[in-house]
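Observations on the three-dimensional arrangement
Now for the letters of each chain:
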Amino acid sequence: MIVDQYLNIKLTNVSVVNKDKYPQLTSLKNCFIRGSVVRYVQINPNDVDTELLQDATRKEYSPVAGGEK
Amino acid sequence: MASTLSEWTSKNITILTCDGRLITGTLLGYDQLQNLILSKSYEMVYSIDVPPEKVELGLSVVRGDNVAVVGEKEEEGGEEEGDVRAEPIGAIVQNVT
Amino acid sequence: MEEPLDLIKLSLSERVYIKCRNSRELRGTLHAYDQHLNMVLSQVEETITTIEEDEETGEEIVSKKTRNVGMLFVRGDIVVLVSPPLRTS
């Protein structure tokens, strides 16, 4: 999985979750998802260090507009 | 840039648009806004009752705003998708007020 | 506390309630956010409310569906409201 600054996502080895309802895209192996159409990204909780995230958010967040990243 | 479409130029791709259409073609060019140039493009219209209908579009540009997903079409597996019947994919509920 | 986002800062690592577009609500533990209100939440309960109209009586039938997600990234543009822990159950 690759993500860019627009939160566009590129996925490799994709599979369709609901194949019965959406069989149209089963032949796709890799895909690019435009960030603007994303609502959620579900993540495996074991892959996330929540302490690290919270510390980073507390520290990194600056009220100055456009100061991120 | 981390995720671009560069490696897919001159390859066959399928686009899912925001209104749920599926357009397939050969990627000739793209830009940062995901405007795409497709050659030999066609739309596949799926429905429950009848086999999918292929609508030829030829050379076309798809405006980036309407692009939801771009997928690389696997080389193998033949030309046609066969008789896949499915409900049309719904439009993306994109920040509709 | 000066800016709206300062209130959210105080909610880090706490349970928050988030109202989203399209009649969706989230309750979860807030771990990260940015100025777009992109957020990372854990132990999320999502509630989707749908209102259907009964064809015969014209009555509105409200149904709520919930689902649970362990860890969720939420894109900021769907967020309508973020409520700090005190008001959440």
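Quantities reported herein were computed from a predicted structural model and do not represent experimental measurements.

Further remarks concern the overall build of chain A. When you go through chain A residue by residue, the secondary structure sums to 1 helix and 4 strands. Counting from the amino terminus, chain A carries its helices and strands in the arrangement β-β-β-β-α. The proportion of buried residues among the 69 residues of chain A is 32%. Surface summary for chain A: the accessible area is close to 4600 Å², and the carbon and sulfur share equals 51%.

This part takes up the overall build of chain B. A count of helical and extended segments in chain B gives 0 helices and 5 strands. Helices (α) and strands (β) of chain B occur, in sequence order from the N terminus, as β-β-β-β-β. Residues classed as buried in chain B amount to 40% of the 97 residues present. Long-range pairs, those at least 24 residues apart, make up 51% of the contacts in chain B between residues at least 6 apart in sequence. A total of about 5400 Å² of accessible surface is found on chain B, and carbon and sulfur atoms cover 52% of it.

What follows is about the UniProt feature "domain: Sm" (unreviewed entry) in chain A. Those places that UniProt annotates as "domain: Sm" (unreviewed entry) correspond, in this numbering, to residues 3-42 of chain A. With 0% helix and 32% strand, residues 3-42 of chain A has end C-alpha atoms that lie 14 Å from one another.

In this assembly, 23 residues from chain A lie in contact with 33 residues from chain B. Taken over both partners, the interface formed by chain A and chain B buries close to 2400 Å², and the fraction arising from carbon and sulfur atoms is 56%. Summed over the three residues of chain A that lose the most area to chain B, namely Q24, F32 and R34 of chain A, the buried surface amounts to 29% of that side. The interface formed by chain A and chain B holds 2 salt bridges in total. With a shortest N-O distance of 3.3 Å, K10 of chain A and E7 of chain B are connected by a salt bridge. One can count 7 residue pairs in polar contact (both at pLDDT 80 or more) joining chain A with chain B. Only β1 (2-3) and β3 (28-33) of chain A provide two or more residues apiece to the side of chain A that touches chain B. Element by element, the count of residues in the side of chain A that touches chain B is highest for β3 of chain A, at 6 residues. Where β3 of chain A and strand β5 (residues 67-73) of chain B come together, 5 bridges link them in antiparallel fashion. Looking at β5 of chain B, one finds that C31 of chain A is bridged to G71 of chain B.

With that out of the way, let us pick up the confidence of the model for chain B. Note that predicted coordinates carrying low pLDDT should not be read in detail. Summing up the model confidence of chain B, the mean pLDDT is 85 and the portion of residues at 70 or higher is 84%. Reported for the predicted complex are a pTM of 0.84 and an ipTM of 0.82.

With that settled, consider the pattern of salt bridges. Under the definition given, this model contains 10 salt bridges over all chains. Between R58 of chain A and D55 of chain A there is a salt bridge whose closest N-O contact spans 3.8 Å. Of this pair, R58 of chain A and D55 of chain A are both found in helix α1 (residues 50-60), 3 residues apart, which corresponds to roughly one turn of the helix. The partly exposed category is assigned to R58 of chain A, whose relative accessible area is 36%. For D65 of chain B, the salt bridge goes to R63 of chain B, with nearest N and O atoms at 2.6 Å. Through salt bridges that share partners, R34 of chain A together with R63 and D65 of chain B make up one connected network.

Residues and elements named next belong to chain B. Taken together, L28, I37, L59 and V61 make up a surface patch of nonpolar side chains, about 400 Å² in accessible area. Here L59 shows up in strand β4 (residues 53-62). Take L59: its relative accessible area is 64%, and that puts it in the exposed class.

Looking now at the nonpolar core. By size, the foremost hydrophobic cluster in this structure holds 22 residues, and its most contacted members are I33 of chain A together with L16, L22 and V69 of chain B. At the level of secondary structure, the elements contributing two or more residues to this core comprise β3 of chain A, β3 (36-45) and β5 of chain B together with β4 (60-74) of chain C. A total of 3 residues in this core trace back to one element, the largest contributor, which is β3 of chain A. If we ignore the near neighbours within four places in the chain, the residues touching L16 of chain B are L25 of chain A together with R21, L22, N66, V67, A68, V69 and I89 of chain B. Membership of the second largest hydrophobic core comes to 20 residues, among which are Y40 of chain A together with L5, I18 and V69 of chain C.

What counts, and at which threshold
- The numbering scheme is per chain: residues are counted from 1 as the chain's sequence reads.
- Just so you know, chain letters begin at A and ligand numbers begin at 1, following the order they were written in.
- Per-residue local features of the predicted model are confined to residues with pLDDT of at least 70, and side-chain atom pairs are confined, for both listing and counting, to 80 or more; whole-chain, interface and lining totals are unaffected and use all residues.
- Hydrogens and water are ignored here; the side-chain numbers use all heavy atoms of the structure.
- Secondary structure is summarised from DSSP: a helix means a run of H or I of at least four residues, a strand means a run of E of at least two, and numbering begins at the N terminus for each.
- To sort residues, take the accessible area from a 1.4 Å probe on protein chains only and compare it with the maximum for the residue type: under 20% means buried, over 50% means exposed, and anything in between is partly exposed.
- The Shrake-Rupley method, run with a 1.4 Å probe sphere, supplies the accessible areas, and residue values consider only the shown protein chains as cover.
- Contact criterion: two residues are considered in contact whenever any of their non-hydrogen atoms come within 4.5 Å of each other.
- UniProt positions are given in the numbering used here, feature names are shortened, and annotations may be inferred rather than shown by experiment.
- Accessible area that two parts lose when put together, evaluated with a 1.4 Å probe and summed over both, is termed the buried area.
- The term salt bridge refers to a side-chain nitrogen of Lys or Arg lying within 4 Å of a carboxyl oxygen of Asp or Glu.
- Under this definition, polar contacts are N or O atom pairs within 3.5 Å; protein pairs additionally need one hydrogen-donor-capable and one acceptor-capable atom, and for neighbouring residues in sequence, both atoms have to be side-chain atoms.
- Criterion used throughout: strands pair if DSSP finds at least two bridges between them.
- Values of pLDDT, which run from 0 to 100, indicate the predictor's confidence residue by residue.
- Like charges within 9 Å and nonpolar side chains (Val, Leu, Ile, Met, Phe, Trp, Tyr) within 5 Å are joined into patches, using only residues over 30% in relative accessible area that form no salt bridge.
- Residue types Ala, Val, Leu, Ile, Met, Phe, Trp, Tyr and Cys, when buried and joined through side-chain atoms within 4.5 Å, form a set referred to as a nonpolar core.

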